[in-house]
Amino acid sequence: MERKMVCISCPLGCRLTVTWEDENDIAVKGNKCAKGESYAQEEILAPKRVVTATVRAATGAVRRLPVKTNLPMLKGYIPALLNRIYKLELRPPIVRGQVLLKNIEGTGVDLVATRNLKKV
Amino acid sequence: MIEKHYDAVVFGGGSAGLAAAVRIAGQGCSVAVLERENELGGILNQCIHNGFGIQRFKEDLTGPEYAERFIEMVEELDNVSIFLETTALEVTHGTPHSVFAYSKRYGVIKIECRAIVLAMGCRERNRGNIGIPGTRPAGVFTAGLAQRLINIDGYIPGRRAVILGSGDIGLIMARRLTWVGVEVLGVIEIQGYPSGLTRNIVQCLNDFNIPLYLSHTLSEIRGKDRVTGVTVTPLQDGKTVTAKSFDLDCDTILLSVGLIPDNELSRKFGVSLNPETGGPFVDAGLMSSVPGVFACGNVLHVHDLVDYVSEESERCASFVVEYLNGTYNPLLHHPIVSGANVKYVIPNKYLPGMTNRFYLRSLIVKNKAELVISLEGEPLKRKNLAHVQPSEMVSFSLDEQDLSRGSESREKKLEVSIY
Ligand SMILES: Cc1cc2nc3c(=O)[nH]c(=O)nc-3n(C[C@H](O)[C@H](O)[C@H](O)COP(=O)(O)OP(=O)(O)OC[C@H]3O[C@@H](n4cnc5c(N)ncnc54)[C@H](O)[C@@H]3O)c2cc1C
Ligand code: SF4
């Protein structure tokens, strides 16, 4: 298989051509440094992203409280995580960094608040 | 009318205003921060995505996290007074300056001060600024307004969206819309290259298979009450190829077509503005053409990274303190101008005898570029740049030693070019 991608590990943005027969044998071309290779491998084997969203605040100084995953999350888990996030409803007080969902689907990733939610 | 006195007044409580206020107050001067909204933090409050603070805090923070760190610092200082829901309206400059502001709580207030820091941020360019033909239905938003509606007010602006312009805010919004269940049909960019960061193209468009139409433009907006669709037309050699136009059925259009420093107020009281940046002309200490009036952050020039805004604003504040102490001498500053392939360089002056930090924007896209600073035509310093593009701000410094090289001319004009 072959896939073209852009390395985003630094601003140079090398255009990579990634070819592989099986997952143990991934060949990367076009990278100017070793980081490009590990980036490409992770993108093929287990792409991860930090998820940011907002959660409804039932009461408190703001209507929506921003949240994020504390680590990048496997992409496949993201749609289900978003559904859970949109069903949450928070009540003050909540402090920045507070864990709202722990160890999501056993991935070791937590959902945390990125802002304080104070009482009005 | 309530009257107050402070050493310095800061217009705007975003990242620029907060960093400046913390630094000025930290040096023992009294400061008032005037903020139009009902909370501090500015644009950062609605930028819930990560990517902030990597340089400043060596951590990948979201906008609200970055803002709260500064808000907490400012709240700890007892010589900073915060006026929320207070808009600076008018300035009569002199010694002292008089600031007139409207506060929701106190009505009109008059503040006398010796220094002013402009930190009002920027505005988004809208449909009127770019002129798209067609009807004027509801459903056309600037990308930043849509960001605010979704992230602060919790309101979803439509079902099927098209984004015009590939600036970072538009790209970030493509992902945000997708994640709240809005279908994004495409991003239309008039230039042949995207104007946002590659990282955002990859993570906000490619991840969701959202098409990016480079060298395309919106040739028509349709719909009576609400947007019902748009016509997209490719460009070849700068001309539209109408025969290859296609339609997209959307109910929402987001415009991400650039930001302009918000200087209505500054212009009104006589601050002279630089047409290249839309912000004030400033000397080496970031003081504008009006003595005692300084500027930092997006009101000075549009920044892509908040880390640079904080650095610039703290530097600005140190000069404000010098000004308040009576040790600031603008007559010692010399001009620095943009040369080949440079859109602008900020500040517009430098001061020999100290380290001067500059920000500039390239006009070209290039790998392995070279930055050349020359004094009256003679190269003074060179710096290799791995990669330049208009959307990524470049910074460099000149220290005392760089600047000690003699020139007989009294003007000592520096020129910055990229090759
Ligand atoms: C949508 C968007 C996304 C961004 N994404 C990133 C990113 O991913 N990473 C990154 O590092 N940087 C990012 N940036 C850049 C960075 O966050 C901003 O450049 C920076 O926060 C701007 O700070 P500021 O204080 O200059 O302006 P602002 O935050 O806009 O603050 C200006 C403040 O002044 C107030 N004001 C204006 N006029 C008046 C008046 N007359 N009286 C009183 N108050 C007034 C406004 O209400 C506002 O609060 C982004 C910027 C934008 C716009
Ligand atoms: S491969 Fe190396 S040099 Fe190229 S973009 Fe990735 S990190 Fe940068």
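The structure presented is a predicted model; accordingly, all values stated were derived computationally and were not measured.

## Structural notes on the confidence of the model for chain B
Point 1. On average, residues of chain B carry a pLDDT of 94, and 99% of them reach 70 or more.
Point 2. Per the prediction output, this complex has pTM 0.93; the corresponding ipTM is 0.89.

## Details of the packing of helix α1 (residues 15-26) of chain B against helix α8 (residues 306-324) of chain B
Residue and element names in this part refer to chain B.
Point 1. Put simply, α1 and α8 touch, their axes get as near as 8 Å, and they point 40° apart. Relative to α8, the element α1 lies oblique. In the packing of α1 onto α8, the handedness of the crossing is right-handed. Between α1, through Ser15, Ala16, Ala19, Ala20, Arg23 and Ile24, and α8, the contact on the second element is made entirely by Val306, Val309, Ser310, Ser313, Glu314, Ala317, Ser318, Val320 and Val321.
Point 2. Counted by class, the contact of α1 with α8 contains nine nonpolar, four polar and two charged residues.

## A word on the pattern of salt bridges
Point 1. Scanning the entire structure with this criterion turns up 31 salt bridges over all chains.
Point 2. The shortest N-O distance in the salt bridge between Glu68 of chain B and Arg96 of chain A comes to 2.8 Å. One end of the pair, Glu68 of chain B, is in helix α2 (residues 63-75); the other, Arg96 of chain A, is in the loop between β8 (89-90) and β9 (99-101), on a second chain.
Point 3. Exposure remark for Glu68 of chain B: the relative accessible area of 10% places this residue in the buried category.
Point 4. Here Arg160 of chain B and Glu183 of chain B are joined by a salt bridge, their closest N and O atoms 3.0 Å apart.

## What about the packing of helix α4 (residues 143-153) of chain B against helix α5 (residues 168-179) of chain B?
Residues and elements named next belong to chain B.
Point 1. The N-to-C vectors of α4 and α5 enclose an angle of 35°; their axes lie 9 Å apart at closest approach. Handedness of the crossing formed by α4 with α5: left-handed. Residue-level inspection shows Ala143, Gly144, Ala146, Gln147, Ile150 and Asn151 of α4 in contact with α5, the latter providing Ile169, Gly170, Ile172, Met173, Arg176 and Leu177.
Point 2. The residue makeup of the contact of α4 with α5, split by class, is seven nonpolar, four polar and one charged.

## Observations regarding the packing of aromatic side chains
Residues and elements named next belong to chain B.
Point 1. Applying the stated criterion across every chain yields a total of twelve aromatic pairs over all chains.
Point 2. Seen in terms of ring centroids, Phe294 and Tyr323 are 5.9 Å apart; in terms of plane orientation they differ by 75°. Their pairing is edge-to-face. Separated by 29 residues along the polypeptide, Phe294 in strand β20 (residues 293-295) and Tyr323 in helix α8 bring together distant segments of the chain.
Point 3. What makes Phe294 buried here is its relative accessible area of 0%.
Point 4. Judged by its relative accessible area of 24%, Tyr323 is partly exposed.

## A few points about a nonpolar patch on the surface
Residues and elements named next belong to chain B.
Point 1. A surface patch of nonpolar side chains, amounting to about 400 Å² of accessible area, comprises Met1, Leu89, Tyr102 and Val108.
Point 2. When you line up the elements, Leu89 lands in strand β6 (residues 86-92).
Point 3. Take Leu89: its relative accessible area is 39%, and that puts it in the partly exposed class.

So, how was this worked out
- Residues numbered from 1 in each chain as written.
- Chains lettered and ligands numbered in written order.
- Predicted model: local features only at pLDDT ≥ 70, side-chain atom pairs only at ≥ 80, totals over all residues.
- Heavy atoms only, no water.
- pLDDT = per-residue confidence, 0-100.
- Axes fitted to C-alpha atoms, helices over the stretch in contact; angles between N-to-C directions.
- Helix = DSSP H or I, 4+ residues; strand = E, 2+ residues; numbered from the N terminus.
- Parallel < 35°, antiparallel > 145°, perpendicular 65-115°, else oblique.
- Left-handed = near helix turned anticlockwise from the far one by under 90°.
- Contact = heavy atoms within 4.5 Å.
- Nonpolar A, V, L, I, M, F, W, Y, C, P; charged D, E, K, R; others polar.
- Salt bridge = Lys/Arg side-chain N within 4 Å of Asp/Glu carboxyl O.
- Buried < 20%, exposed > 50% of the residue type's maximum accessible area, 1.4 Å probe, protein only.
- Phe/Tyr/Trp six-rings, centres within 6.5 Å; stacked < 30°, edge-to-face > 60°.
- Patch = residues over 30% accessible without salt bridge, like charges linked within 9 Å, V, L, I, M, F, W, Y side chains within 5 Å.
- Areas by Shrake-Rupley, 256 points an atom, 1.4 Å probe, with all protein chains shown as cover.

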